[in-house]
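If you want the building blocks of each chain, they are given just below.
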Amino acid sequence: MLAQQLVNGVMLGAVYALIAIGYTLIFGVLGMLHLAHGEVFMIGAFVGLVVATHLSGNVMLALAAAMLATGLLGLLIERVAFRPLRGAHHLAPLATTIGAGIALQETARWYFGPEQQGFPATITLTLWEVGPLRVSSVQVFILAAALALMAAVHLFLARTRAGRAVRATAEDPAVAGLLGVNVEAVILITFFVASTLAGAAGVLVGLAYNSVHPFIGVQMGIKGLVVMLLGGLGNVPGAMLGGVVLGVLEVLGVAYLASSYRDAFAFGAVMVILLWRPEGLLGLRVQRRD
């Protein structure tokens, strides 16, 4: 029983990690919170739903379309809500991104309606039993896709020139600019990558729960923020680890307490961890900017 819950928790946590990595990348580069990131996730879920329902039943096409759409949406949000406020008080982007999130939420509610929308079965359901464990083909796909995307982000940051520019800008944008890094281009790349991860997470959550609705972004956005704090601000590996920890805690809360206490148990445990280790599980990677 415990092993089964751990498998379920890792699957769920991997999706949370994708959302948290987006928060972490943007916060690491700009030192600002992107509070519309949850709504970007929601838009990705609906784009995947539309593609899977009306255009193609291919889940990979739905995933790619959602990532492209949310990547472009991220660039638009950067241009409208962040770029005009560079150098402003750090609370100013909070107001603009909250406004952008509400606008996206209301647009989705107006177009799709406030009710839950069923996500089509794009993957043939197959069950495998390994000892006491029972794993479905949907769970395997969700976990494999999330791990592949996290590995791609790691390789992008560690092995590519653009990734090294992102890390240099996160350390100190002024020094990076003096060394020849195009900081504006780095910020655009960061928003694009972060938003594509949110869009992918939206499709994976739709597959996991078989439904999406316009208000799903609020809940997932909060969980992404919690995971970022749990892993350590600006720490991408920390976001990956924090997502798995939150997912496991949430599933254990449902299994051994009650489904109504899933968020209370998970967030309560995170509070205890942060009281013990305020800098997060893997520590801070953000320097103070003047």
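Residues numbered from 1 in each chain as written. Predicted model: local features only at pLDDT ≥ 70, side-chain atom pairs only at ≥ 80, totals over all residues. Heavy atoms only, no water.

1. Re the overall build of the protein chain
At step 1: If you tally the helices and strands in the protein chain, you get eleven helices and four strands.
At step 2: Here the C-alpha atoms of the protein chain give a radius of gyration of 19 Å, agreeing with the 19 Å that 2.2 N^0.38 yields for 290 residues.
At step 3: Counting only C-alpha atoms and orienting by the principal axes, one finds that the protein chain spans roughly 55 × 45 × 35 Å.
At step 4: When the 290 residues of the protein chain are sorted by exposure, 49% land in the buried category.
At step 5: Considering only residue pairs separated by 6 or more positions, the protein chain has 76% of its internal contacts joining residues 24 or more positions apart.
At step 6: Per element, the accessible surface of the protein chain, about 13400 Å² overall, is 68% carbon and sulfur. (Helix = DSSP H or I, 4+ residues; strand = E, 2+ residues; numbered from the N terminus. Rg over C-alpha atoms; globule rule 2.2 N^0.38 Å. Buried < 20%, exposed > 50% of the residue type's maximum accessible area, 1.4 Å probe, protein only. Contact = heavy atoms within 4.5 Å. Areas by Shrake-Rupley, 256 points an atom, 1.4 Å probe, with all protein chains shown as cover.)

2. What about the pattern of salt bridges?
At step 1: Following the criterion strictly, the structure yields three salt bridges and no others.
At step 2: Here Glu78 makes a salt bridge to Arg83, at a shortest N to O gap of 3.1 Å.
At step 3: With a shortest N-O distance of 2.8 Å, Arg109 and Glu106 are connected by a salt bridge. Of this pair, Arg109 and Glu106 both sit in helix α4 (residues 92–112), three residues apart, roughly one helical turn. (Salt bridge = Lys/Arg side-chain N within 4 Å of Asp/Glu carboxyl O.)

3. Examining the packing of aromatic side chains
At step 1: All chains considered together, the criterion is met by four aromatic pairs.
At step 2: Ring geometry for Trp110 against Tyr111: centres 6.1 Å apart, planes inclined by 55°, an arrangement best described as tilted.
At step 3: Residue classification places Trp110 among the exposed residues on the basis of a relative accessible area of 69%.
At step 4: Between the aromatic rings of Tyr111 and Phe112, the centroid separation amounts to 4.9 Å while the plane-to-plane angle is 80°, which identifies the pairing as edge-to-face.
At step 5: For Phe112, a relative accessible area of 24% corresponds to the partly exposed category. (Phe/Tyr/Trp six-rings, centres within 6.5 Å; stacked < 30°, edge-to-face > 60°.)

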